[in-house]
Each structure stands twice: as structure tokens, then as C-alpha cells.
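Reading the structure
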Amino acid sequence: MGQSAGRIVCPGCGTNNFDTLTVCWKCGAPLRARKPAPEIASPADAPLPLGRVAMAVHGVGVRLGDHAIAVRAAVALGLLMPYFGLPVGLAFLMCEDADRQRVGRLCVVVSLISMLLHALVGAAALLAMRDYLTGMLTGMQGSGARRPTIEGIS
């Protein structure tokens, strides 16, 4: 039976199940419970948490990413590309990691504010171009009424 972080693969059908389930959600086959984690002698020997640490190099934890960089990236994505920032932020909100959820929430809020600003600037631009657009439309309507006619053909 293959296992990954927080998941159990069903021995019957191979479906990926949460480790909290006792039977497979797809075929109903019983799932074996995970083996209890071994006792850890000291905090220095504790396993590094998944999602926060990429690897251990000589016993020192190496972080996957800096939270400040993630926050700056979420703000930049939300401001510059709000229509992409919104679904990305929503995807981060679905993660189990609290840090990723905070970054996702920030990305969603900044994206929504940016979309509102985008709509206001677009409306202001249309209002500023109102005279030009109405002049262009009346010019197009006037030219349609003055079609050249060919003599002898009705």
C-alpha cells in the first residue's frame, strides 16, 4: 500500500484517499491505518514539517520560500493582473497551510480592489471619450444616408 503525506492509496483500486478514512471512497475496500510515528528522542531529531521545508542539509532546515517574497508576489499579481490573481488567490485559499491561506486571502483582496480600480478607470476613459465616440457614430450614420446612386438603376 503506497502512502504519501496525508494520503493512503487503496490496495484494491489504487484510488487516493485521505489518511483519516477507514474505507476507500470509491470501492469501499478497507484501508489499513497508518503506522504510528516513531517516538522522537529530541526536538533536533524531529522531522521537518512538509510544505515549509524543502530538504535537510547537514541537519539544518531549508525553507521552501520566504513569506515576505510570497506577500510581495501576491500583491504584484493582484495589482498587475487581477483577472489571474483572483483564481490564483482562490486556489491558495484551498490549501491546508495557514501561511498559504493568508497569502491567498491577500491576493484575492488586492485583486478585487484592482478590478474595482480597473472598472473606474475604464468608465472614466469612456466618459472622456464620449464626445469623440458620439461624433464618430453620427459621422457613420450620416454617411450611410448619402449613398451614391447610379443613374438609370432604381
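Above this text is the structure in question.
Residues numbered from 1 in each chain as written. Predicted model: local features only at pLDDT ≥ 70, side-chain atom pairs only at ≥ 80, totals over all residues. Heavy atoms only, no water.

1. Points about the overall build of the protein
When its secondary structure is counted, the protein shows four helices and five strands. Each helix (α) and strand (β) of the protein, taken in turn from the N terminus, gives the series β-β-β-β-β-α-α-α-α. Out of the 154 residues belonging to the protein, those deemed buried represent 15%. Long-range contacts, defined as pairs at least 24 residues apart, comprise 33% of the intrachain contacts of the protein with a sequence gap of at least 6. About 11900 Å² of surface is accessible on the protein, with carbon and sulfur atoms providing 66% of the total. (Helix = DSSP H or I, 4+ residues; strand = E, 2+ residues; numbered from the N terminus. Buried < 20%, exposed > 50% of the residue type's maximum accessible area, 1.4 Å probe, protein only. Contact = heavy atoms within 4.5 Å. Areas by Shrake-Rupley, 256 points an atom, 1.4 Å probe, with all protein chains shown as cover.)

2. A few points about the pattern of salt bridges
Throughout the structure, instances matching the rule amount to one salt bridge. Taking the shortest distance from any N to any O, the salt bridge between R102 and D99 comes out at 2.1 Å. You can see R102 and its partner D99 sitting in helix α3 (residues 98-128), three residues apart, about one turn around the helix. The exposure class assigned to D99 is buried, which follows from its relative accessible area of 18%. (Salt bridge = Lys/Arg side-chain N within 4 Å of Asp/Glu carboxyl O.)

3. Some details on α3
With 31 residues, α3 should cover 45 Å at 1.5 Å per step; its first-to-last C-alpha distance of 45 Å lies within 8% of that length. Within the span of α3, buried status applies to D99, V103, G104, C107, V108, V110, S111, S114 and M115. (Expected span 1.5 Å × (residues − 1).)

4. Overview of the nonpolar core
I8, C10, C24, A29 and L31 together form the largest nonpolar core, which totals five residues. Excluding residues within four positions of it along the chain, C24 makes contact with C10, C13, T15, N17, A29 and L31. (Core = buried A, V, L, I, M, F, W, Y, C linked by side-chain atoms within 4.5 Å.)

5. Notes on the packing of helix α2 (residues 82-93) against α3
Viewed as axis vectors pointing N to C, α2 and α3 meet at an angle of 155 degrees, and their least axial separation amounts to 7 Å. Judged on the interaxial angle alone, α3 and α2 are roughly antiparallel. Taken as a pair, α2 and α3 cross one another with a handedness that is left-handed. Taking contact as the criterion, the partners of P82, Y83, G85, L86, G89, L90, F92 and L93 in α2 are, on α3, R100, Q101, G104, R105, C107, V108, S111, L112, S114, M115 and H118. (Axes fitted to C-alpha atoms, helices over the stretch in contact; angles between N-to-C directions. Parallel < 35°, antiparallel > 145°, perpendicular 65-115°, else oblique. Left-handed = near helix turned anticlockwise from the far one by under 90°.)

6. Quick look at the environment of S111
Looking at the element boundaries, S111 is found in helix α3. In the structure, S111 is positioned 32 residues away from L79 in sequence and 6.1 Å away in space, judged by C-alpha atoms. Residue contacts for S111: discarding those within four places in its chain leaves G78, P82, G85 and L86.

7. Examining the packing of helix α1 (residues 67-80) against α2
Their axes nearest at 5 Å, the elements α1 and α2 cross at an angle of 135 degrees. Classed by the angle they form, the pair α1 and α2 counts as oblique. In this structure, the crossing between α1 and α2 has a hand that is left-handed. Across the interface between the two elements, L77, G78, L79 and L80 of α1 pack against P82, G85 and V88 of α2. Across the contact of α1 with α2, the residue classes tally to five nonpolar, two polar and no charged. (Nonpolar A, V, L, I, M, F, W, Y, C, P; charged D, E, K, R; others polar.)

Function cannot be inferred from these measures alone, as they are strictly geometric.
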